[in-house]
Amino acid sequence: MHQSQQNHLLGHGRSAEGKGNVKVGNERDSVRFDICGSFLPSTFNLHLHMLSPEISFWIMLTVSLGFAGWFGWQHGKKYALGAGLAASLLAGTWFDITVLNTRINVTMATAIVLLVVYCTHSWREIFRHLGLLDYLIGAITIWHIIVDTYHGEQPLAVAAQAYGQWMLPYAAGRYAFLHRNSLLKLGPVFAIAGAIISLLCVAEACSGTNIWETAFAPRDELVNFNGRVRYGIAYRACGPTRHAIFLSNMLLTLIPFAILMTQREINWFPKLGKRNRLPGLAIVAILTAGIASSLSRGPLITLYVAGCLSIAWLYRPAAWTLLGASLIAAILVAANWNEFIRLIESNEQDRKRASVLVVDDEDEAIIYTGTRNRLVILQVYVPIFLEGGPLGYGTTASTGFPPKDLPGLPTAPKVRKRLGIVDNAFLNNGLRFGWVGLVLFAGLFVLATSTALHLARRASTYFFPLDQRYFIAVAMLSIAFLFEIATVFWSYDYATWMLLGFGTVSGLLSQVKRPDFAV
């Protein structure tokens, strides 16, 4: 399996906001040139790093498994899996080792080890009370195998890759939250882990120094990201991920756990008495600051949309106000489309890099910027996706920047290169797995939303003393993520946590199906 294929299989690629830059030379003392010909000094200084990514991997894996063992000993072995996964959030996604030509990072290794342990003491629960989400993730995994095998890949290798991409993170989330009181026990662990990351990322935004790179090992070259000052405010933080957007999306998946801790009736911290709710509110604020530290617009808009949807769901009169405001906004945007695009192009550097682009000889010239790239790639890749039919083009053909073996790409080399990063998770998966794969993929978000809303109605009965707030937050974020990932490359730096979140919903639903399940 080629290295570029491995990168794609694990979801690694350059993100939309690192467009135009091509690395030359060594990561730590390199210079970067953009396609327009301008010269940028490297954001990385020459450092002597004591640790390699492999050593960092083993250190953080030991920490994750050690914390899992301690937490399981303190609270019960059934909670060890979730505790270990929460601890693995603190590991850099580039801390990895290679096994059988496949990169395995700390979260993946933690999930593998602890799922094996879980199966030794709770194997009877693995296939009990399955739901629609379980069947859907199984269908995606099987379809992945069918498509890549059809396109000439080796079936056993593809089966392992498909399991690692889809089923492994989902199963980890499902079995971590399968047991009663798991949300009560593990929710604060995930929230606090997210708060720690957020505080370090706020420090990174202020100082320009990434703690994970300084203390462990420098990021690899799978994603092109410049952590430079943006909007004249601060440095863009990427934390333990390869890109700022990936960081924000990962932290967004932890927001529901922080929302959970705002419930006043539960003694999260008994010594605080009546002020027991304050830590939860503080963690929500810290996570929000962590998301903002990336200086990425999409994740902040996603959080805002999820908040509006939550208010509309809880207070029905607000729903009509939100609907009316949305319709008015849509009409204004449609009537002033060019002005709207210029408004969101608020990055001065993005405007300086604007250029005239002719996608193909028969097309009119357009103004191209990093922001407009999201629209231009639809013009190029949607017809290619439609031509791919139900089976798509498979992983190998859709790998690369640009994808190396897709028909109908622009013929001019510079144009192909500039439009090579498909910043749209739906197109990423649609090109790989065809029409059927796209429907299955989008169905995950829709079904997770409906399942979470179903659980919200029963929360006070089946999850007492917890109320519905966690489930509403999950549902509304799932809806908001449908818009967010339409502008971001599908990277497993953050996709792992989305899939784990879907598994969490499935595990909690299983509890509802068996209210007499032993603690």
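Computed from a predicted structure; not experimentally measured.

Cut-off values and rules
- Numbering of residues starts from 1 in each chain and follows the order in which that chain's sequence is written.
- Where local features are concerned, this predicted model is filtered to residues with pLDDT of at least 70; where side-chain atom pairs are given and counted, the filter is 80 or more; whole-chain, interface and lining totals use all residues.
- Note that water and hydrogens are dropped before the side-chain values are worked out from all heavy atoms of the structure.
- Put simply, DSSP marks the helices as runs of H or I at least four residues long and the strands as runs of E at least two long, and each gets a number from the N terminus on.
- A simple rule labels every residue: compare its accessible area, found with a 1.4 Å probe on the protein chains alone, to the largest value its type can have, and call it buried under 20%, exposed over 50%, or partly exposed in between.
- The contact definition used throughout considers only heavy atoms, calling two residues in contact when any of these lie within 4.5 Å.
- Note on areas: Shrake-Rupley, 1.4 Å probe, and residue coverage restricted to the protein chains presented here.
- In predicted models, pLDDT denotes the confidence assigned by the predictor to each residue on a 0 to 100 scale.
- A carboxyl oxygen of Asp or Glu within 4 Å of a side-chain nitrogen of Lys or Arg is what we treat as a salt bridge.
- Nonpolar cores were defined as sets of buried Ala, Val, Leu, Ile, Met, Phe, Trp, Tyr and Cys residues, with membership established by side-chain atoms within 4.5 Å.
- When two cysteine sulfur atoms are found within 2.5 Å, that pair is recorded as a disulfide.
- To pair, rings of Phe, Tyr and Trp, with the six-membered ring standing in for Trp, must have centres within 6.5 Å; the planes then decide the type, stacked if under 30 degrees apart, edge-to-face if over 60, and tilted in the middle.
- At least two DSSP bridges between two strands are needed for those strands to be called paired.
- Every axis in this analysis is a line fitted to C-alpha atoms, fitted for helices over the stretch in contact. Angles between the N-to-C directions lie between 0 and 180 degrees.
- Put simply, angles under 35 degrees are roughly parallel, angles over 145 are roughly antiparallel, angles from 65 to 115 are roughly perpendicular, and the rest are oblique.
- Any residue that is not Ala, Val, Leu, Ile, Met, Phe, Trp, Tyr, Cys, Pro, Asp, Glu, Lys or Arg is counted as polar, Gly included; the first ten are nonpolar and the last four charged.
- Candidates for patches are residues over 30% relative accessible area with no salt bridge; among them, like charges are joined within 9 Å and nonpolar side chains (Val, Leu, Ile, Met, Phe, Trp, Tyr) within 5 Å.

**Considering the overall build of the protein**
Helix and strand content of the protein: 21 helices and nine strands. Going through the 519 residues of the protein one by one, you find that 54% of them count as buried. Considering only residue pairs separated by 6 or more positions, the protein has 74% of its internal contacts joining residues 24 or more positions apart. Carbon and sulfur atoms make up 66% of the accessible area of the protein, which totals about 22,500 Å².

**Here we look at the confidence of the model for the protein**
Detailed conclusions should not be drawn from predicted coordinates in areas where pLDDT is low. The predicted model of the protein averages 82 in pLDDT, with 82% of residues at 70 or higher. Looking across the protein, the model is least confident in strand E2 (residues 31–34), with a mean pLDDT of 30, and most confident in helix H3 (residues 80–88), with 96. Every residue in residues 1–48 scores below 50 in pLDDT, and together they form 138 contacts with partners more than four places removed in sequence or on other chains.

**So, the pattern of salt bridges**
According to the stated counting rule, one finds eight salt bridges in the structure shown. Note that Asp96 is salt-bridged to Arg103, the shortest N-O span being 3.1 Å. Neither residue differs from the other here; Asp96 and Arg103 are each classed as buried. One salt bridge connects Arg103 with Asp220, and the closest N-O pair in it is separated by 3.9 Å. Of this pair, Arg103 sits in strand E5 (residues 102–105) while Asp220 sits in the loop between helix H8 (211–215) and strand E6 (229–230); the two residues are 117 residues apart in sequence, bridging distant segments of the chain. Asp220 matches Arg103 in its accessibility class, with the two residues each being buried.

**Observations regarding the nonpolar core**
By size, the foremost hydrophobic cluster in this structure holds 117 residues, and its most contacted members are Phe95, Trp166, Leu183, Phe190, Leu444, Phe471 and Trp490. Ranked by the residues each element gives to this core, the list is headed by helix H19 (residues 425–462), at 14 residues. Counting residues in each nonpolar core, the second largest holds 15 residues, with Ile377, Leu406, Val422 and Leu431 among its members.

**Focus on the state of the cysteines**
According to the stated counting rule, one finds zero disulfides in the structure shown. Here Cys201 stays free of any disulfide, with the sulfur of Cys238 as its closest cysteine sulfur at 7.5 Å. The buried category is assigned to Cys201, whose relative accessible area is 0%.

**What to know about helix H9 (residues 244–252)**
What sets the pattern is the α-helix's 3.6 residues per turn: residues three or four places apart point alike. Most of H9 sits out of view: nine of its nine residues are buried. All of the buried residues along H9 are Ala244, Ile245, Phe246, Leu247, Ser248, Asn249, Met250, Leu251 and Leu252.

**A short note on the packing of aromatic side chains**
In this structure the tally under the stated criterion is 24 aromatic pairs. Judged by centre distance (5.9 Å) and plane angle (40°), the rings of Phe67 and Phe71 are tilted. Note that Phe67 and Phe71 are positioned in helix H2 (residues 53–75) at a spacing of four residues, about one turn of the helix. Exposure remark for Phe71: the relative accessible area of 5% places this residue in the buried category. Judged by centre distance (6.4 Å) and plane angle (20°), the ring pair of Trp166 and Trp490 falls under stacked. Taken together, the positions of Trp166 in helix H6 (residues 155–176) and Trp490 in the loop between helix H20 (469–484) and helix H21 (492–513) put the pair 324 residues apart, joining distant regions of the chain. Under the relative-accessibility criterion, Trp166 is labelled buried at 1%. A relative accessible area of 3% means that Trp490 is categorised as buried.

**Focus on unusual backbone geometry**
With an omega dihedral of 15°, the bond running from Phe464 to Pro465 counts as a cis peptide bond. For Pro465, the location among the structural elements is in the loop between H19 and H20. For Asn181, which is not a glycine, the phi torsion comes out positive at approximately 70°. Assignment of secondary structure puts Asn181 in the loop between H6 and helix H7 (182–207). Despite not being glycine, Leu295 has its phi angle at roughly 55°, a positive value. Relative accessible area serves as the criterion here: at 12%, Leu295 is assigned to the buried category.

**Things to note about the pairing of E5**
Bridging between strand E4 (residues 96–99) and E5 involves four bridges; their strand directions are antiparallel. Bridge pairing in E5 links Ile97 to Ile104. Between the antiparallel neighbours E4 and E5 lie two residues, among them Leu100 with a positive phi of about 55°.

**What about the packing of helix H12 (residues 297–314) against helix H13 (residues 316–335)?**
Look at H12 against H13: their axes get within 5 Å of each other, and the N-to-C directions meet at 135°. In terms of orientation, H12 and H13 fall into the oblique class. Touching Cys308, Leu309, Ile311, Ala312, Trp313 and Leu314 of H12 are Arg316, Ala318, Ala319 and Leu322, all from H13. Counted by class, the contact of H12 with H13 contains nine nonpolar, no polar and one charged residues.

**Re a nonpolar patch on the surface**
Side chains of Ile192, Ile196, Phe269 and Leu272 sit close together on the surface and give an oily, nonpolar patch of about 290 Å² of accessible area. Relative to the assigned elements, Leu272 resides in the loop between helix H10 (255–260) and helix H11 (278–292). You can call Leu272 partly exposed: its relative accessible area is 37%.

**Some thoughts on the environment of Ile145**
Structurally, the position occupied by Ile145 is in helix H5 (residues 132–150). Judged by relative accessible area, which is 23%, Ile145 ranks as partly exposed. Remark: the alpha-carbon pair of Ile145 and Leu156, spanning 11 residues in sequence, is separated by 8.8 Å. Setting aside anything within four residues of it in sequence, one finds Ile145 in contact with Val158, Ala159 and Ala162.

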